[in-house]
Amino acid sequence: MDQATFNTHALRIKLEGYTIVPGLLTSEECRIAREELEERYPDRARGGLEWLFNKAQIFERLYKLPDLLCLIRHFIGPDALLSAIYGSVIMPGEGGRGLHADGGVTGHNRTASIAPADVGRRITSHPMAINVIFCLSEFTANNGATELVPGSHRYPFFDIPEEAYENARTAVAPEGSAVVLDINTWHGATRNHTDQPRYAVLSPWRRRWTKCEYEMARVVKADVLERAGEEGPVIFGLQAQPPYTELWQWDRETGGPKPEFAHLRRN
Ligand SMILES: O=C(O)CCC(=O)C(=O)O
């Protein structure tokens, strides 16, 4: 991605709360990823579509795309944490009327954590987290593509007015694109009016000093971490883990007790 294109995407995220980056995955990569989701779909109620990075190597691609990493880090810092990777399949007849902002469970949009002094306002001054929706199918106007409300990332209140739907835009995009959004941006899948499933994978990212959806450093398999190379400990947040020993016994780099205190390690 050249600098001018990067700047265009960054500006769209600032102004509208999202951008669509085409051509991140090849058609072959999308095909393989779709097949993985299709195979795991029947087991979705038991987590079949969760933790995809641990389940098939194709999903390891999603945090190894340099242009995308640059864009994410531009907004939430060089040590941004991968918070989850999960599939989203919209079957024929499903989807629609699902506008929401992310971060409502472990993030800053958690309404149960609003303090009286917040007077009902959420944090909109800075992007607190970025979500990435990979279009493994082509996203069209009628197959359940994600819709987003431009500018809603700056809306200061938690409640989403009913009129928001009138302002939503469907993310029409070729397969292999990614919708990159500030997690404050209201979004949701539209109804799938076709006879084919719509496949996507979501990879939300968080600032290092906030909570992720999963304790990724403890969840990631050793061989997956190994293949992530030098970036692995940053992306999976090994260094972001709070110590469970006294500080002098703790190794921040590996996110565990120093070797001489290995007996204190918790599994
Ligand atoms: O699959 C989609 O289009 C959106 C999914 C979504 O918004 C979510 O999982 O938070």
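Scroll up to find the structure this text is about.
Nothing here was measured: the structure is a model prediction, and the numbers come from that model. As a convention, each chain's residues are numbered from 1 in the sequence order in which they are written. Only residues with pLDDT of 70 or above have their local features reported here, since the model is predicted, and side-chain atom pairs are shown and tallied only from 80 upward, although totals for entire chains, interfaces and linings are computed over all residues.

### Side note on the nonpolar core
1) Next: With 64 residues, the main nonpolar core has I130, F134, A178, V179, V180 and V201 as its most contacted residues.
2) Next: By definition, any uninterrupted DSSP run of H or I lasting at least four residues is a helix, any uninterrupted run of E lasting at least two residues is a strand, and each is numbered from the N terminus. Here the element with the most residues in this core is strand β4 (residues 129–135); it accounts for six residues.
3) Next: Remark: residues whose backbone-derived C-beta atoms lie within 7 Å of one another are considered to be in contact. Residues contacting V201, with those up to four places away along its chain left out, are A33, L52, F59, L62, I85, G87, F134 and L136. By definition, a nonpolar core groups buried Ala, Val, Leu, Ile, Met, Phe, Trp, Tyr and Cys residues that are joined through C-beta atoms within 7 Å. Exposure criterion: with C-beta atoms placed from backbone coordinates, a residue whose C-beta has 20 or more other C-beta atoms within 10 Å is buried, one with 12 or fewer is exposed, and one in between is partly exposed.

### A few points about the site of the ligand
1) Next: Around the ligand sit S88, D102, I133, T146, H187, G188, A189, A200 and L202, and that is every residue in its neighbourhood.
2) Next: Within the residue set of the shell around the ligand, elements represented by two or more residues are β8 (187–189) and β9 (198–202).
3) Next: The element best represented in the shell around the ligand is β8, accounting for three residues.
4) Next: Any residue that is not Ala, Val, Leu, Ile, Met, Phe, Trp, Tyr, Cys, Pro, Asp, Glu, Lys or Arg is counted as polar, Gly included; the first ten are nonpolar and the last four charged. In terms of residue class, the shell around the ligand is built from four nonpolar, four polar and one charged. A residue counts as near a molecule or strand when its C-beta atom, positioned from the backbone, falls within 6 Å of it.

### Side note on the sheet that holds β8
1) Next: Pairing between strands is defined by DSSP: at least two bridges between them are needed. Read from one edge to the other, the open sheet built from three strands follows the order β6-β5-β8, with strand pairing classed as antiparallel. The outermost strands of the open sheet, each flanked by one partner alone, are β6 (169–170) and β8.
2) Next: Direction of pairing for strand β5 (residues 146–148) relative to β6: antiparallel, over a ladder of two bridges. Its bridge partner being in β6, L148 is matched across the sheet by R169.

### Some words on the packing of helix α1 (residues 3–16) against helix α3 (residues 66–76)
1) Next: Here the axes come from fitting lines to C-alpha atoms, over the contacting stretch only for helices, and the angles between their N-to-C directions go from 0 to 180 degrees. Viewed as axis vectors pointing N to C, α1 and α3 meet at an angle of 45°, and their least axial separation amounts to 11 Å. For the element pair α1 / α3, the angle class is oblique. By crossing handedness, the relation of α1 to α3 is classed as right-handed. Each of F6, H9, A10 and I13 in α1 lies in contact with α3, whose residues at this interface are C70, L71, H74 and F75. Should an angle lie under 35 degrees it is considered roughly parallel, over 145 roughly antiparallel, and from 65 to 115 roughly perpendicular; all remaining angles are considered oblique. Handedness of each helix crossing follows the sense of rotation of the near helix against the far helix: counterclockwise by less than a right angle gives left-handed, clockwise gives right-handed.

### Thoughts on the pairing of strand β3 (residues 86–90)
1) Next: Judged by how many residues are buried, β3 sits mostly within the fold: four of five residues are covered.
2) Next: Bridging between β3 and β9 involves five bridges; their strand directions are antiparallel. Residue pairing across strands places Y86 opposite L202, the latter belonging to β9.

### A short note on α3
1) Next: If you check which residues of α3 are buried, you get L68, L71, I72 and I76. Along the long axis of α3, the arc covered by the buried residues comes to 110°, so they all point the same way.
2) Next: Packing partners of the buried residues in α3 comprise α1, β1 (18–21), β4, β7 (178–182) and β10 (205–206).
3) Next: One or two positions beyond α3, positive phi appears at G77, with a value near 100°. The directions from the helix axis to the C-beta atoms are what the arc is built from.

### Description of the environment of A10
1) Next: Relative to the helices and strands, A10 is located in helix α1.
2) Next: Here A10 falls in the partly exposed class, since 16 other C-beta atoms lie within 10 Å of it.
3) Next: The sequence separation of A10 and V180 amounts to 170 residues, and the corresponding C-alpha distance is 9.8 Å.
4) Next: Ignoring any residue separated from it by four or fewer positions in sequence, one finds A10 in contact with L71 and H74.

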